[in-house]
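Residue-level structure breakdown
As a plain string of letters, each chain reads:
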Amino acid sequence: MNNTEKRRVTILGSTGSVGTQTLDLIARDAQRYDIVALTANRNVKELVRQALAVKPHLAVIADETKYKDLKDALAGENIEIAAGKGALVEAAQRPSDWVMAAIVGSAGLPPTLAAARTGSILAFANKETLVCAGPLMMDLVAKEGCKLLPVDSEHNAIYQVFDETQRDSVDRLILTASGGPFRTWTRAAMKDITPAQACHHPVWAMGAKISVDSATMMNKALEVIEAAWLFNMPEKQIEVVVHPQSVIHSMVAYKDGSTLAQLGTPDMRIPIGYCLAWPQRMKTPAARLDFTQINQLTFEAPDPERFPALRLGREALRLGGTAPLVLNAANEIAVQAFLDGQIGFLDIEKIIETTLQQGFITSLESLDQLFEVDEKARAFARSVRQSLLR
Ligand code: NDP
């Protein structure tokens, strides 16, 4: 693509936190983009608002019961409307130059894999896809020549300072973690944490699921697994350090003792903009770092006693095969139950640990087998949830 051609863009999960921030950047230079498809789950109102603003060729709502609402609201707009899981995959397969994979959870897996098959540039936010299907996804990326650009701020930071030509000289990846809203809380105090408290992140404004994951530090566990696949690194070479100011977004330590970092204000439009403009860079509205105003940058080791999720994530990564998939399935069931007020905050880790111990761990052979194991793990996690209901 040269600079005068429009970039054809598809946004999977356009109504979410990452999706809306992607559209915010696009709106600032709208004539450069041709919007192929936007997708949502149930939020018709936001999808309609976006569609009227950017006029995509296709608007998809995953929940089929919302099809008529969407169709009526966009009547006469010359926008194709579709609904259902198959339509999400179809949207992901439409010829595009650039696809943002920003559906939350394992629901994003089929469309993200479909987008990878097109060989386009894939801005990759849906970390659950790599956690559940790491080997399948990376094989596909290699086979189809798709350009995978990490959106997660940590992985985007590493991507920016990881010298692929010096891979053998990399000592370790250092993922930074804000520590979440309960970084300094005791286990006793964590017992009564409410969904509203867990969703109120001290630094980042994000969707509900990833906010709870940050609060339990499961988000960092998923990110360790994501980093292992994205950068082809063994678990023992991926370190996590808590850095509450979230100024350093992650680092690569080289064997000569040099450590390279990417820094910035905590604004997802920086990594999203990096992916959107790649291989160039674009101007974003994110606040600039003012080093004279940063009093201190602090670092601490994660506390495995108060935040066992990181240990569980590492165990799953070491076990390999379907273990990360089982971890993710149990986490999704547990987080939803917590958000629905059915279980307590500390019950989340109980559901995950019990489900992981139950088994379901085999080698990961195919997508069909993946969905089978995923369903079994979810059913088991639901049964554990039943025993913990409030
Ligand atoms: P949100 O919950 O804000 O948005 C999720 C998007 O996915 C929405 O468009 C939602 O539609 C859609 N969606 C939800 N469930 C389904 C489903 N079953 N089928 C189809 N579409 C669905 O999530 P975020 O934007 O926060 O996160 C998206 C992904 O990016 C996650 O994997 C997260 O881990 C990752 N990420 C997010 C960051 C952030 O700052 N938010 C940072 C780094 C990574 P609807 O609006 O209709 O519900």
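Relevant structure appears above.
Keep in mind the model is a prediction, meaning the values are calculated, not measured.

Observations regarding the overall build of the protein
The secondary structure content of the protein amounts to 16 helices and 11 strands. Taking 2.2 N^0.38 as the reference for a compact globule, 390 residues should give roughly 21 Å; the C-alpha atoms of the protein span a radius of gyration of 20 Å, in line with that estimate. Once the C-alpha set of the protein is aligned to its principal axes, its extents read approximately 55 × 50 × 40 Å. Split into buried and exposed, the 390 residues of the protein put 55% on the buried side. Of the contacts formed within the protein by residues at least 6 apart in sequence, a portion of 67% connects residues at least 24 apart. Carbon together with sulfur atoms contributes 51% to the accessible area of the protein, which is approximately 16,700 Å² in total. One finds the centroid of the 41 positive side-chain charges in the protein at a distance of 3 Å from the centroid of its 45 negative side-chain charges.

Examining helix α15 (residues 347–358)
Here α15 spans 16 Å end to end across 12 residues, near enough to the 16 Å set by a 1.5 Å rise per residue. Turning to α15, its buried residues number three or more, namely Asp347, Ile348, Glu349, Ile351, Ile352, Thr355 and Leu356. Contacts made by the buried residues of α15 are with α8 (187–190), α10 (208–216), α11 (218–230), α13 (309–319), α14 (323–339) and α16 (367–388).

Here we look at the nonpolar core
Core analysis: the largest hydrophobic core is formed by 91 residues, its most contacted members being Leu122, Met137, Leu173, Leu327, Phe345 and Ile348. Of the residues forming this core, the biggest block, 11 residues, is contributed by α14. The residues contacting Leu122, other than those within four sequence positions of it, are Val99, Ala101, Thr112, Ala115, Ala116, Met137, Cys146, Lys147, Leu148 and Leu149. Counting 34 residues, the second largest nonpolar core, distinct from the first, contains Leu38, Leu47, Ile61 and Met268.

Overview of the pairing of strand β7 (residues 147–150)
Of the strand pairs in this sheet, strand β6 (residues 121–124) and β7 are connected by 4 bridges, and their pairing is parallel. Among the inter-strand pairings, Leu122 is bridged to a residue of β7, identified as Leu148. In terms of handedness, the path from β6 via helix α6 (residues 127–144) over to β7 forms a crossover that is right-handed.

Describing the site of the ligand
Close contacts around the ligand come from 25 residues, with Thr15, Ser17, Arg42, Asn43 and Glu128 the closest. Between Thr15 and the ligand, the recorded distance is 2.6 Å, taken from a side-chain N or O atom to an oxygen atom. Contact between the ligand and Asn43: an oxygen atom at 2.8 Å from a main-chain N or O atom of the residue. Put simply, the parts of the chain that give the shell around the ligand at least two residues each are α1 (17–27) and α6.

Digging into the sheet that holds strand β11 (residues 259–263)
With mixed pairing, 4 strands are arranged side by side in an open sheet as β9-β8-β10-β11. The open sheet terminates on both sides in strands that have one partner only, identified here as β9 (238–242) and β11. The sheet shows a mean angle of 20° between the axes of neighbouring strands, taken without regard to direction. Where strand β10 (residues 248–254) lies against β11, 5 bridges are found, and the strand directions are antiparallel. By the bridge assignment, Ala253 is partnered in β11 with Thr259.

Criteria and cut-off values
Residues numbered from 1 in each chain as written. Predicted model: local features only at pLDDT ≥ 70, side-chain atom pairs only at ≥ 80, totals over all residues. Heavy atoms only, no water. Helix = DSSP H or I, 4+ residues; strand = E, 2+ residues; numbered from the N terminus. Rg over C-alpha atoms; globule rule 2.2 N^0.38 Å. Buried < 20%, exposed > 50% of the residue type's maximum accessible area, 1.4 Å probe, protein only. Contact = heavy atoms within 4.5 Å. Areas by Shrake-Rupley, 256 points an atom, 1.4 Å probe, with all protein chains shown as cover. Lys, Arg positive; Asp, Glu negative; His and termini not counted. Charge placed at Lys NZ, Arg CZ, Asp CG, Glu CD. Expected span 1.5 Å × (residues − 1). Core = buried A, V, L, I, M, F, W, Y, C linked by side-chain atoms within 4.5 Å. Pairing = 2+ DSSP bridges. Right-handed = clockwise from strand over helix to strand, strands pointing away. Near = heavy atom within 4 Å. Polar contact = N/O pair within 3.5 Å; in protein donor to acceptor, adjacent residues only side chain to side chain. Axes fitted to C-alpha atoms, helices over the stretch in contact; angles between N-to-C directions.

No statement about biological role is implied by the geometric values presented.
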